[in-house]
Amino acid sequence: MLVQTHSHSETLAPARPVAALSAILLGFALLLVVGFAPLAEIHNTTHDTRHANGFPCH
Amino acid sequence: MFKQIVFSSVLAGIAAALLLSVLQIFWVTPLILQAETYEVAAEAVAHGHTADDHAHDETAWQPEDGWQRTLSTISSNILMASAFALMLAGAYALRKPPCIRQGLAWGLAGYAVFFAAPSLGLPPDLPGTAAAEVMARQVWWLGTALATALGLGLLFLQSRWPLRATGILVLLIPHLLGAPQPEIAGSLAPEILQTQFRWVSALTNAVFWMALGVSSSLTFNRMQNKP
């Protein structure tokens, strides 16, 4: 961030943490779908991924 | 900013997931398939009522063995890797753009949070392994990942000693509480297969997380340099 011009970093300042936290939340939601969703079709599709990467599976 | 984070994360996720998928196809999936032969045999004997009440819903769609199943797993791996990459990129944006070495360190932290720490209480299991109720395990798994992330953050991302000590405590709490265990432990697959599966899972995930840390730091920095 230090290399950016003053005006640039000012416009980015509020957007940055919001974008960062949104990305983390989106990632977490996606993780819940892939690794944890109980729906049978999702479970069957992700079955081997869940087992191979240590998610709790059936 | 958000769009750029998403784009760079998906790119890094795809790269690391493809590497993971190749490793899994050769080393991990054959063990899962082998374990399922014991499971199928046991189910045939018990007419579908195994002791651990296997949750495969017979009526629900499931990919056929072969290319359907392989494609399902590769897609799932890509989604999973993108999810992890999004969380890493979010951390990069909150902190600072990492060099490759720092990206590798973030990857190892991800391995600790999302694989190593949960595995201490709930090691990766082959199909047909007795286990506690799935919901209880999922809650412990997620709680452990969260506690490990918080603990590592307190330990490494700030320098006040009382908070560092708190970080160590937070890291230990889930393991002091203990993971939910089945009343009677047991596995349909032989013990040696289970051990082998745990080792290859641990190794392939370590390689995957290092690749994801490096690739996500590279794509994040490239995205940063573009206006």
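No experiment lies behind these values; they were computed from the predicted model shown.

(A) Seen up close, the overall build of chain B. From N to C terminus, chain B includes six helices and zero strands. Ordering the α and β elements of chain B from the N terminus gives α-α-α-α-α-α. Per-residue burial for chain B yields a buried fraction of 40% across its 227 residues. Taking as baseline every contact in chain B between residues at least 6 positions apart, the subset at least 24 positions apart corresponds to 83%.

(B) Quick peek at the interface of chain A and chain B. Counting from both sides, the interface comprises 33 residues of chain A and, opposite them, 47 residues of chain B. Of all the secondary-structure elements, those providing two or more residues to the side of chain A that touches chain B are α2 (15-36) and α3 (40-52) of chain A. Ranked by the residues each element gives to the side of chain A that touches chain B, the list is headed by α2(A), at 17 residues. For the side of chain A that touches chain B, the class distribution of residues is 19 nonpolar, eleven polar and three charged.

(C) Here's a closer look at the nonpolar core. Core analysis: the largest hydrophobic core is formed by 51 residues, its most contacted members being B:A16, B:A81, B:A83, B:F84, B:A89 and B:L212. Among the secondary structure elements, those contributing two or more residues to this core are α2 of chain A together with α1 (2-46), α2 (67-94), α3 (100-121), α4 (134-156) and α6 (191-225) of chain B. The element best represented in this core is α2(B), accounting for 15 residues. Of the residues that make up this core, three or more belong to each of domain 1 (2-122 + 190-225) and domain 2 (132-181) of chain B. Grouped together as the second largest cluster of nonpolar side chains are nine residues, B:V28, B:I32, B:A35 and B:L188 included.

(D) Layout of the environment of A:A40. Residues and elements named next belong to chain A. Along the chain, A40 falls in helix α3. Among the residues examined, A40 registers 16 C-beta atoms within 10 Å and is labelled partly exposed. Spatially, the C-alpha atom of A40 lies 10 Å from that of H58, the residues being 18 residues apart in sequence.

(E) How the structure looks around the UniProt feature "transmembrane region" (unreviewed entry) in chain A. Here the UniProt feature "transmembrane region" (unreviewed entry) sits at residues 20-40 of chain A. Between the end C-alpha atoms of residues 20-40 of chain A the distance is 32 Å, and the span holds 86% helix and 0% strand.

(F) Structural view of the UniProt feature "transmembrane region" (unreviewed entry) in chain B. Residues and elements named next belong to chain B. Listed under "transmembrane region" (unreviewed entry) in the UniProt record, and renumbered for this structure, are residues 5-27, 74-94, 103-120, 140-157, 162-179 and 199-220. As annotated, residues 74-94 comprises 100% helix and 0% strand, and the C-alpha atoms at either end are separated by 30 Å. Annotation note: span residues 140-157, helix share 94%, strand share 0%, distance between end C-alpha atoms 25 Å.

(G) Representation of the domain arrangement of chain B. All names here are of chain B. Taken domain by domain, chain B consists of domain 1 (2-122 + 190-225) and domain 2 (132-181). Once you take the C-alpha centre of each, domain 1 and domain 2 turn out to be 21 Å apart. With nine residues of domain 1 in contact, the opposing surface of domain 2 contributes twelve residues. Looking at side-chain class alone, the side of domain 1 that touches domain 2 contains eight nonpolar, one polar and no charged residues.

(H) Inspection of the environment of B:P97 at higher detail. Residue and element names in this part refer to chain B. Tracing the backbone through its elements, the reader meets P97 in the loop between α2 and α3. Residue classification places P97 among the partly exposed residues on the basis of 17 C-beta atoms within 10 Å. Taking the C-alpha atoms as reference points, P97 and G186, 89 residues apart in sequence, are found 46 Å from one another. Leave out the neighbours within four places in its chain, and P97 touches Y92, F220, N221 and Q224.

Thresholds applied
- For every chain, the first residue of the written sequence is number 1, and numbering continues from 1 along that sequence.
- Following the order in which they are written, the chains are lettered starting with A and the ligands numbered starting with 1.
- Where local features are concerned, this predicted model is filtered to residues with pLDDT of at least 70; where side-chain atom pairs are given and counted, the filter is 80 or more; whole-chain, interface and lining totals use all residues.
- Numbering of helices and strands runs from the N terminus; a helix is a DSSP stretch of H or I covering at least four residues, while a strand is a stretch of E covering at least two.
- Counting other C-beta atoms within 10 Å of a residue's own tells you its class, since 20 or more makes it buried, 12 or fewer makes it exposed, and anything in between is partly exposed; those C-beta atoms are placed from the backbone.
- Once C-beta atoms are placed from the backbone, any two residues with those atoms within 7 Å are in contact.
- Following the grouping adopted for this structure description, the nonpolar residues are Ala, Val, Leu, Ile, Met, Phe, Trp, Tyr, Cys and Pro, the charged ones are Asp, Glu, Lys and Arg, and the polar ones are all others, Gly among them.
- Nonpolar cores are built from buried Ala, Val, Leu, Ile, Met, Phe, Trp, Tyr and Cys residues. These are joined into a set through C-beta atoms within 7 Å.
- Annotation comment: domain bounds sourced from an automatic or database domain assignment.
- UniProt positions are given in the numbering used here, feature names are shortened, and annotations may be inferred rather than shown by experiment.

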